[in-house]
Every structure is written in C-alpha cells, then in structure tokens.
There are 2 protein chains.
Amino acid sequence: MKSTIVDPPALAPGTLRIVPVGGLGEIGRNMTVFEYEGKLLIVDCGVLFPEENQPGVDLILPDFSVVRDRLDDVVGIVLTHGHEDHIGAVPYLLKLREDIPIIGSPLTLALTEAKLKEHRITPYTLDVREGQTEQLGPFECEFVAVNHSIPDALAVAIKTPAGVVLHTGDFKMDQLPLDGRLTDLRSFARLGEEGVDLFLVDSTNADVPGFTPLEKDIGPVLESIIERAPRRVIVASFSSHVHRVQQVLDAAHAHGRRVALLGRSMVRNMTIAAELGYLKVPEGVLIDFKKAGDIPDDRIVYMSTGSQGEPMAVLSRMANLEHQIEVGEGDTVILASSLIPGNENAVYRVINGLTKLGATVVHKGNAKVHVSGHAAAGELLYCYNILKPKNVMPVHGEYRHLFANAALAIATGVPESHTILGDDGTVVDLRDGVATVVGQYDLGFVYVDGSSVGEITDADLKDRRILGEEGFISIIVVVEAQTGRVIVGPEIHAKGFAEDESVFDGVKPKIAAALSEAVENGTRDTYALQQVVRRTIGRWVNTKLRRRPMIVPLVIEA
Amino acid sequence: MKSTIVDPPALAPGTLRIVPVGGLGEIGRNMTVFEYEGKLLIVDCGVLFPEENQPGVDLILPDFSVVRDRLDDVVGIVLTHGHEDHIGAVPYLLKLREDIPIIGSPLTLALTEAKLKEHRITPYTLDVREGQTEQLGPFECEFVAVNHSIPDALAVAIKTPAGVVLHTGDFKMDQLPLDGRLTDLRSFARLGEEGVDLFLVDSTNADVPGFTPLEKDIGPVLESIIERAPRRVIVASFSSHVHRVQQVLDAAHAHGRRVALLGRSMVRNMTIAAELGYLKVPEGVLIDFKKAGDIPDDRIVYMSTGSQGEPMAVLSRMANLEHQIEVGEGDTVILASSLIPGNENAVYRVINGLTKLGATVVHKGNAKVHVSGHAAAGELLYCYNILKPKNVMPVHGEYRHLFANAALAIATGVPESHTILGDDGTVVDLRDGVATVVGQYDLGFVYVDGSSVGEITDADLKDRRILGEEGFISIIVVVEAQTGRVIVGPEIHAKGFAEDESVFDGVKPKIAAALSEAVENGTRDTYALQQVVRRTIGRWVNTKLRRRPMIVPLVIEA
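Cut-offs and rules
- Residues numbered from 1 in each chain as written.
- Chains lettered and ligands numbered in written order.
- Predicted model: local features only at pLDDT ≥ 70, side-chain atom pairs only at ≥ 80, totals over all residues.
- Heavy atoms only, no water.
- Least-squares fit on C-alpha atoms with pLDDT ≥ 70 in both.
- Contact = heavy atoms within 4.5 Å.
- Helix = DSSP H or I, 4+ residues; strand = E, 2+ residues; numbered from the N terminus.
- pLDDT = per-residue confidence, 0-100.
- Pairing = 2+ DSSP bridges.
- Axes fitted to C-alpha atoms, helices over the stretch in contact; angles between N-to-C directions.
- Domains from an automatic or database assignment.
- Salt bridge = Lys/Arg side-chain N within 4 Å of Asp/Glu carboxyl O.
- Polar contact = N/O pair within 3.5 Å; in protein donor to acceptor, adjacent residues only side chain to side chain.
- Nonpolar A, V, L, I, M, F, W, Y, C, P; charged D, E, K, R; others polar.
- UniProt positions renumbered as here; feature names shortened; annotations may be inferred.
- Buried < 20%, exposed > 50% of the residue type's maximum accessible area, 1.4 Å probe, protein only.
- Left-handed = near helix turned anticlockwise from the far one by under 90°.
- 1 Å grid on protein atoms, 1.4 Å probe; cavity = no way out; pocket = protein on both sides within 12 Å on 5 of 7 lines; lining within 4 Å.
- Points joined across faces, edges and corners; volume = space filled by probe spheres on them.
- Phe/Tyr/Trp six-rings, centres within 6.5 Å; stacked < 30°, edge-to-face > 60°.
- Buried area = accessible area lost by both parts, 1.4 Å probe.

A. Region of the structure containing the relation of the copies chain A and chain B. Screw-axis analysis of chain A against chain B gives a translation of 0.0 Å along the axis, an RMSD of 0.1 Å, and a rotation angle of 180°. Between the two chains, the operation in question is that of a two-fold axis. It is G468(A) whose C-alpha, among those of chain A, lies nearest the rotation axis, at 1.9 Å. Taken together, the interface assignments show that 100% of the residues at the interface of chain A recur at the interface of chain B, consistent with an identical surface on both copies.

B. Here's a closer look at the environment of L443(B). Within the fold, L443(B) resides in the loop between β20 (434-440) and β21 (446-449). The spatial distance from the C-alpha of L443(B) to the C-alpha of I77(B) is 20 Å, given a sequence separation of 366 residues.

C. A look at the confidence of the model for chain A. When pLDDT is averaged across chain A, the result is 92; 99% of the residues are at 70 or more. Predicted complex, confidence summary: ipTM 0.87, pTM 0.90.

D. A look at the sheet that holds strand β23 (residues 472-479) of chain A. Residues and elements named next belong to chain A. Here we have three strands laid out as an open sheet, ordered β24-β23-β25, and mixed in their pairing. Strand pairing shows two members of the sheet lacking a second neighbour, β24 (486-495) and β25 (550-557), which therefore form its edges. For this sheet, the mean angle separating the axes of adjacent strands, direction not counted, is 10°.

E. Expanded view of the domain arrangement of chain A. Residues and elements named next belong to chain A. Along its sequence, chain A is organised into domain 1 (16-210 + 373-453), domain 2 (215-363) and domain 3 (471-557). With centres defined by C-alpha atoms, the gap from domain 1 to domain 2 works out at 31 Å. Tallying the contact residues gives 18 residues for domain 1 and 15 residues for domain 2. If you look at where domain 1 meets domain 2, you find two salt bridges. Of the charged contacts, one joins E118 and R268 as a salt bridge, the two residues approaching to 2.9 Å between their closest N and O atoms. At the surface where domain 1 touches domain 2, the tally comes to six residue pairs in polar contact (both at pLDDT 80 or more). Each residue belonging to the side of domain 1 that touches domain 2 can be placed in one class, and the counts come to ten nonpolar, two polar and six charged.

F. Local environment of the environment of N53(A). Turning to its location among the elements, N53(A) is positioned in the loop between β3 (39-43) and β4 (59-61). Placed 411 residues apart in sequence, N53(A) and R464(A) show a C-alpha to C-alpha distance of 9.3 Å. Beyond its immediate chain neighbours, meaning those up to four positions away, N53(A) contacts R465(A) and R349(B).

G. Spatial organisation of the UniProt feature "active site" (unreviewed entry) in chain A. All names here are of chain A. Residues given the UniProt feature "active site" (unreviewed entry) here are D202 and H374. For the annotated residues, spread through 173 residues, the largest C-alpha to C-alpha distance comes to 7.6 Å, consistent with a single compact locus. Assessed through its relative accessible area of 2%, D202 is described here as buried. Setting aside chain neighbours within four positions, we find D202 in contact with T168, G169, D170, F171, H374, L380, V395, H396 and N405. Separated by 3.2 Å, the side chain of D202 and the backbone nitrogen of F171 make a polar contact. For H374, a relative accessible area of 14% corresponds to the buried category. With residues up to four places along the chain from it excluded, the contact list for H374 reads H148, D170, F171, K172, D202, T204, N205, T212 and E379.

H. Just the pattern of salt bridges, in detail. Under the criterion given, the structure shown has 63 salt bridges over all chains. R264(A) is the salt-bridge partner of E118(A), the closest N and O atoms lying 3.6 Å from each other. In this pair, E118(A) is assigned in helix α4 (residues 106-118) and R264(A) in helix α8 (residues 264-275), connecting sequence segments 146 residues apart. By relative accessible area, which is 47% here, E118(A) ends up partly exposed. Residue R244(B) pairs with E215(B) through a salt bridge whose shortest N-O separation is 2.8 Å.

I. Fine view of the packing of helix α15 (residues 508-520) of chain B against helix α16 (residues 526-545) of chain B. Residues and elements named next belong to chain B. Closest axis-to-axis distance for the α15/α16 pair is 9 Å, and the angle between their directions is 145°. Viewed along their axes, α15 and α16 form a crossing whose handedness is right-handed. Across from K510, I511, A514, L515, A518 and V519 in α15, the residues of α16 making contact are L529, V532, V533, T536, I537 and W540. Considered class by class, the residues forming the contact of α15 with α16 number ten nonpolar, one polar and one charged.

J. Layout of the side chain of S237(A). All names here are of chain A. Residue placement: S237 occurs in the loop between β13 (233-236) and α7 (242-254). In terms of polar contacts, S237 uses its side chain to reach the backbone carbonyl oxygen of A336, at 2.7 Å. Contact partners of S237, with chain neighbours within four places excluded, come to R244, M266, M303, S304, T305, S307, A336 and S337.

K. Here's a closer look at empty space enclosed by the protein. All names here are of chain A. Applying the stated criterion across every chain, the model contains six cavities of 30 Å³ or more. A volume near 70 Å³ is recorded for the largest cavity. What lines the largest cavity is simply N147, H148, S149, K172, D174, P177, L178, D179, E215, H241 and H243. Among the residues making up the lining of the largest cavity, the classes are represented as two nonpolar, five polar and four charged. Among the domains, domain 1 (16-210 + 373-453) and domain 2 (215-363) are the pair contributing at least three residues each to the lining of the largest cavity.

L. Up close: the packing of aromatic side chains. If you walk through the whole model with that rule in mind, you get 13 aromatic pairs over all chains. Ring centres 6.0 Å apart and planes at 50° place the aromatic pair F504(A) and W540(A) in the tilted group. Of this pair, F504(A) sits in the loop between β24 and α15 (508-520) while W540(A) sits in helix α16 (residues 526-545), and the two are 36 residues apart along the sequence. Here the two residues F504(A) and W540(A) agree in accessibility, since each one is buried. Ring centres of F289(B) and Y302(B) lie 6.1 Å apart, and the angle between their planes is 70°; on these two criteria the pair is classed as edge-to-face.

M. Here's a closer look at the interface of chain A and chain B. Taken together, the contact between chain A and chain B spans 60 residues of the former and 60 residues of the latter. Interface of chain A and chain B: buried area, both sides summed, is about 5500 Å²; carbon and sulfur atoms make up 60% of it. Where chain A packs against chain B, one counts eight salt bridges. The residue D449(B) makes a salt bridge to R547(A) at a minimum N-O spacing of 2.8 Å. Our count for the chain A to chain B interface comes out at 24 residue pairs in polar contact (both at pLDDT 80 or more).

N. Broad picture of the UniProt feature "binding site: Zn(2+)" (unreviewed entry) in chain A. Residues and elements named next belong to chain A. What UniProt calls "binding site: Zn(2+)" (unreviewed entry) maps, in this numbering, to H81, H83, D85, H86, H148, D170 and H396. Across 316 residues, the annotated set stays spatially compact, with a maximum C-alpha separation of 13.9 Å. Set against the largest cavity, the annotated residues named above that line it are H148. Given the relative accessible area of 17%, D85 is considered buried. The residues touching D85, leaving out its near neighbours within four places in the chain, are G28, R29, N30, G46, V47 and D170. Among the secondary structure elements, H86 is positioned in helix α2 (residues 84-87). Filtering out sequence-adjacent residues up to four positions away, H86 remains in contact with N30, D44, C45, G46, L79, T80, H81, D170 and H396. A distance of 3.2 Å separates a polar atom in the side chain of H86 from a polar atom in the side chain of N30.

As structure tokens, then:
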C-alpha cells in the first residue's frame, strides 16, 4: 500500500516545495515542510497515538529525516493550534536544534511551552494573532482565524514569489462560536481573490455529510442534566477543550454548583486558559479537589479526564473503584467527548462499570453532549466555493478521508488533475500556479518507547505481537565445550502459556536426542545447535499444542 | 465489579431454577440452564470472541461448572438459532457427554451439525418448528417463531408446574420480513394471557432508541449500487446472513450479473441454506469462483466474508493485494454489515486499502446497506406490552444493555422489584409466579487457546499483555554448584525491545557483583539468586530505559 519511492529532483530556483511529513494516511502527527530558496518552514509538529497492532508504543512521531540534515536552514515552526497531534512532537524536534523559533497564537504557545518545560526546553517564541503577517525568512506568513475544538486556532497563508499556499490546520466553521471567533471566511475570500495556488485542507470529517452542529447547542443539554442530577455530576472530556469546560462551568454556576478539576492535564491546561483569558471562570465556581468533599453532593460537579477509557485516567479508575471518589447510586456521569476509533471497548467497559455502580451515564450515544471540531462535507463545500483554490491537497486524514475531501474539491470545480492525493513524504513543487508531484520520500513511523526514540522497528513490533498472542518458550542447554556433551538441561521455561511447564517433559528427551545426533554428525557451532533445538521443539509445540510461540533456544558452552 | 458470590440453597421441590451461565455482562457465549425436579434443560451454548485485552485467545466458552457434574441429568440443549454466539460452544459441551439431545429448527440443526462434524461428533437431534410443543423431561417446551438476522430463529416457552418462562433468544420484530416469517406476537399475546412468570429477553439493542429498519429496505440500495457499478462488485457480509445474501443474489440477477461465493464459511452456510430451501437461488445465478474470472467484470458479483476486517478473511487479503482477485479502479466494494466494537481500526484499514487501490467502498457509514438483527427500544416496548410478563430478566448484553432493557420493562409497568438485573451465574428460583435471586455462582471465562480449553488463566493473559507491550529479558547465569562461583554468563537476551542487546553490557558487571555478594553472604539457593538477578536488572532497566519488561532470570548449577 506504500507509495512508490521516487527521489525528487533538486529544487529549482523560484519554486516552492511542499512536503507533508505526517498526517496524510493517518489522523495525527501532522507536519508539513515548505522549502524556498534554500530555507525551510515547518507547519505543525504533532504526535500520533498507537493502534492495537503497535503494542507498547508510547507515541509515534513524524519522520524528521526530511529536515534532519538541514536544521540550520529551518526558519521556524508555525503551530496552528495547541492539540497534541499538532504540537506533541515539538520537543523531539527541538532536541535536534533547540533554538528553532516557534510561532503561534498565545494559547498555542502557552500549551507548547508547558510541554517543553517537562522536557526542560525553553523555546524561542514569536506570538502572532489573526490578521497579522510575519516574514519568516523568504516566507511571508499571514495568519487567519479558524474555529476548532480548542481556542485560538490559526490557518496560515504562506506567500512566496512561487505562489501562495493556504494551510487550514484543523478547523470547522461553527457559525455561532462560543467566543464569537469565526473561521474568517472574509479573509478566505480575499485570499481567494488574490489567488491561492495550493490549498492544504483538513480532511478529518470530509466523509461526514452535512454540517457539524454548534458547540453552543451542547450548553442547554449540559444544563438540563446538571439541573436535574440528584447527586454528584462528573463530566469527562478532552483536557484541552476550553469551550466544553466553559459550558460545564457556566451550567454548574447557573445551578448553584461548584466545579473541581480532576486530572493533571485538565488542571494544567485550564489554569493556562484561565490565566490567558480564554476560560472565563465565574466568580467562586472553581474549588480545589481536596475541598470538594466538604460540599454537599448535589452542589458539586467534577470535570475530569479519561473520556477515552484510558486505563490510568480518572474515569476508568472511578469505574473500577480505584479512585478516591466512589461513584454510586444517584451520581451522573457525562462523557462529553467523541469516541476515537479503537477505544470503543475501553469506553464501553467504563460505561458498564459506572452503570453497575449505580451511576446514570450520559454520552453522545444517548444525548447531544458532543460535537466534532472538524468541518464536515457541507462546510468544506462552502470553503472551496469561497476560496476557489487553483490546486488542492487534502491533509489530516486516513486515505478514505483524503479521498472524500478530494471528491468535494472536484465537485466544486477544482479540476481532478489539480487535486493531489498525497501520502506522507509526497514532494510537491509549486511554480507559476502549477502544483506538481515530483517525488516521494520513503518516510517511516518513528516510535517513542520508554526512553528510546526511533529505535523500535516493525520487526520488534512483530515480535511483541507474537509474544503477546502466543507467549514464548526458552530452552537452555549447557554443553561441554570440547565434546558437545549435554551437561545441564534442556531446561524449558514458558510464559503466556496455558499449560503447566511439566507439559514439556515429553519433548525434553527429543531435544536431547536431536542434539546428540547433531553433535555425532560433527555439529559444534552453538548457533547451529540452537537451530536444532528450535526446530525440534517448534514442530512439537505446533502439533501437540497447536500454538506458534516465540522460541528462544540457548546453547551455552561451559 | 464482580457480583458477590453466594451459594444458593438446595432446590426446593416444585421450584424452577434458572441460571444464566453466559451472555449477561457480555454480547456472546449465551447459555441458560433450567432445573426442575432434578433435571436440567440448557438453552443455547455459544461462544464469545475475545477483546484486545485477551491476546491470543481463540474463543471464550461459558463456564460449564454448573452442569459438569450433572451431565446425566441434562435432558437436552435447545438452540434458538444458528449463530456462533448461540451454538459455537456445543462441541465443547458434547465432548463432556456426546449423547445430549440437541433440539432446534432445521437450519439451526444443520449449521450445528456442520460444526460438530468438524469436531467429529454426530449428535442426537430433534428437529422442531414454530408452533410445536415438545416434552423434554419435566419441561414442556413450546417453540415460537421469531425474526432475526438468520432464518428459522425460535423463542422457547418453558412450562413447568412451578411457572412459565419465555426465552426470546435473539430477535427483532421486522414487520415486513423477507421470508414473511414474523416474530409471532399472536403467540406472545396468547402466552401472556395464559401467564408468563419470567421473561428472558434479548437486550443487545435495548439502548438504541426507536425501531430497527426493515431488512427489505436494503434491497433497493444494493440494487441501485449493483446496477450502476462499472466493473466488479464485491459484497462482504456475515456468512450466516441468508437474507442479506438473498438480496444480493436477487439484485445481481435483476441486473444480469452472476454471483460467486467466497470464503469457506460463506460457501458452507449458503450451500446448507440453499439445500434446505432458506436461500432461493435464482436459476443460473451462482457460479463457481474458479470460473468467475471468465465472466466480464461488469457481469459479476463476489459475495465474501471478512466484513469485520479479520486479517485472514477474503476482504483484508484483497485490500492487501494478497488475494487472487486484484481490486482496482472501477471496482465497487460493499460492506453490508455492522461494525462490531473493537473492530473499527481493522475495518478502516480495509476501507483505506481498498479505496487506495481505486475501489469505491460503500458501507453503513455512507449508505443504507445494513440493518441490525436485534429489537431496538421501540420494539421491546411493544413486546412488553403484548406479553405483560410477571417478572423480567434481561439477557444477552453488557451491563449497560441489560440496564437499558430493565428500564424499558419498568416503563411498561413491570414493577422494579420484579425486574432482575442478573450476571453470569445469578441463580433465580421461580415458584408461584414469584422470581427470586437466591444465589450467585462464581463463573469465570473459559478460554480456548490452541488445543487447550480452560487452561489459560487471567494471570497468563496478564503475562501476555506485559510480553506484548514490554517484551522480555532473559538472563542466564551458570554457577558452580559447590562454590556458587559464576562459570558462564550473565548471558542476556531480550525480545520486543528497541535497543540492541549490547545495551545490556553495562548491567552485566552489576549482576555479577550482586551475585558474588549474595554468595559471599551465604546465599546458595538458586531461586534466591534468581531474585537477586531480577532485582538488579529490573531496577537498571526501569531507570535507564524507562521500561518494565518481563524479567526471566535463570541461575543454573553445573
């Protein structure tokens, strides 16, 4: 399924090169590199969260190989907004060169700085607002307000003599946003008039028909639930969703309840948002978690993390009665969040657990307590018609999303030949209003795993999947160096196995016999002897136990 | 979250005991045991498919401990329909006693017999139809037609002097079913008039508001897609969904296409269904897969398995270009199926892969190509109002489903005190129209894993999860038996690890030193020495690599 790898030609003068490094083919690790006249500009640098077939992986980074050898040419990293899939990999890039300037809106920068602080990095930053234009090396960047599930998101128009690129970042087009900050379609119209040569546009919801409902519509639902709740209310959502938290604060305040924030990231992000004025905390509504127990049950709302069923987060621990707050009869739990694919079973386990404890569980399956942060098909059509871009490359999505987005562009009149269905590493050159795919880099997944970055390979992950599903058997034999005679063993140990280890008693004589035979036939090399052990027990396990575990033979000379 | 275990009292004469053994707390492994006057009747005996936190497990069976010591008292196994979650565990139960009679409708029995044949078991069967009554030991069983996503499903009314229980099996209430076979609400009404003391009722869709749409409505959608498809059409669905396949056959036939069945279970089940007259194959429409290549691309429909993204099934192999049929531009793939929670990422991988190959992919997210087989809340309300049961115990569902179903019963007037929210192993006694929970058995998950049944423990699964996520390190040291002096090692091997094994060179001297110290302090016991090794390397790995792998130390005396 991998695109064919083609080395791009050297970049011709007067040409703008665009390389999406991450986010095409996946929802996450968004990163795009722009090159002009020897200088590089990066837009976003996010992480991707692993799927079930990537066990043990903590995070997945974009492949930095496109910029690794040219770090001194990087004029800056523009961050469109403060979500992990757009800023999460910044610390890993800055570890390669700490003084790359970071450009973004105040909230985006504050969240990025908080993250960098954990990595003990103090970045160089440039804070920008909508309407502002900054010259970053040869790139003239105009920042345009867009509306998303976090405040202060920006699109960026990148202007060079070779052409103009508009990159939306993540966005939707809520027409009555909570903070009044609209996606600035007037600027989109003006930029369109001036001519947008290439439009990089968020595809996450391109396959969802119609329009994303208003964030504002959730407020009354939250209010009516909180108003009627007989006891405690626990609301779980994303820890960066300032407007969702705002609505919870307002609803609680309207019905005489106080709110305690739960979860490290929730407390950190909301403290930042409140300090910067994005979160308007009604006088006296917030209360420290430690003091929340003193408030009567029908006067408190807990605002927590864990809406995706993450086993270590507050909500899962509550469902397992492993949290200080013992959920019980009369409590109401609201999952005011999406359900990210792959998390279904975990989230349902949490819902089952909380229901069994007696709580009423409200979620997007049974009430209107969540809306998406991404433009659906109907909004994207507006966008294309207002902008009228010359070329389009859908970004931010799995292939099915990119494909659906391209179809929308084509439906509004963008020629199919001007619609680029790219992949991570696709190299696009823009010159005289013509965007052409000129190459394809071979970019991989870069896994963060414990303290290692980029060392876990797909072979390691395959080993893990085998270990996880089938367990392993280790067989140790100590042989006399000179004669090859077995001194100790075979000792057999197995893990992740159904059977008692005594089940292997049957195969030990076979292994010993196979080894003797090999030694008699002149085999002395321990690797070759190990293969003899592997084959003998492997065949036996497959036939006898119908399993294919990892087999780790070890022949030691003593 | 486990219910409190309480031994039930000895069963009093004149009392009917009901024990749901599986299906309460999970969607799958449905099994209920009825006891009266020393005899046992079993309704259904299905399997559950494992979730991502049960790696390597093939199947999960009901815990047979309730019947294991009383197999001679079992008068029969009534099977309500032919789905795996209702018949899949029959072979495992019959391995305990082969001559337990199996009672079911013709299609149900045919599918069960095909399954048993693979286990080389020829069962004793009794074939029954709707409207029929059979005396099975002390249990008078009346069979009632119900409508589901497989033909020939039956509810069963179990009548004893202690009271009457109606068990729906899986059902919905399609009012215009494809085969005209309605859920027999007239019989429900009559049974209600006569008095149903306990109603065991399918909960799968109890939390879905409204009504399940008609299966019939899918036909025109399939037809219009097949009519307009420029090239090949591949439809994936469940291999037992006779009516869905029927609609594909009819749509293909109407537009001059032939149909080839793909996938072993699809071919097997549809052959059975056609032989028994449940699948009406239009003259000449079916063609053998081997000959399908000779047909022009716009004259063929492939009907395949793999709608859940199962990696080994036809559809995934097509998406990975690992199947004989090379999907390409112009092909249309229809996933005429549900999306079972937990399968999302796998299914999306298939959709992305097929889209990338150029196929148009139609699924329930973008077209009306699937309806559920289970009654939604609106239907259940009808059912309660027609039946007016004295007591209700929701079955077939996770806790959230059972809870939603109980709420529906209560809304129609069943007293809350007569609504039992049970668990697997809950013991209910019925006498004089009163159903009482009298105990709770401690029933576990029985894992089938390779050739082992019930041997994999939760501890083994935990080991597998650790192995899968963190890998393992084995450390082998050979010591001289008399002195404890290290002769060979420490040899360190690691799997599922990012780092090269040379990373462990740093810890080897520490291990050797720790061992020497222990030996000097008089430790000779190899287990104690192994613990020294484990602690030393464990601490080092946690600090240095920030990982918590499984550590397998082995000290061998030579």
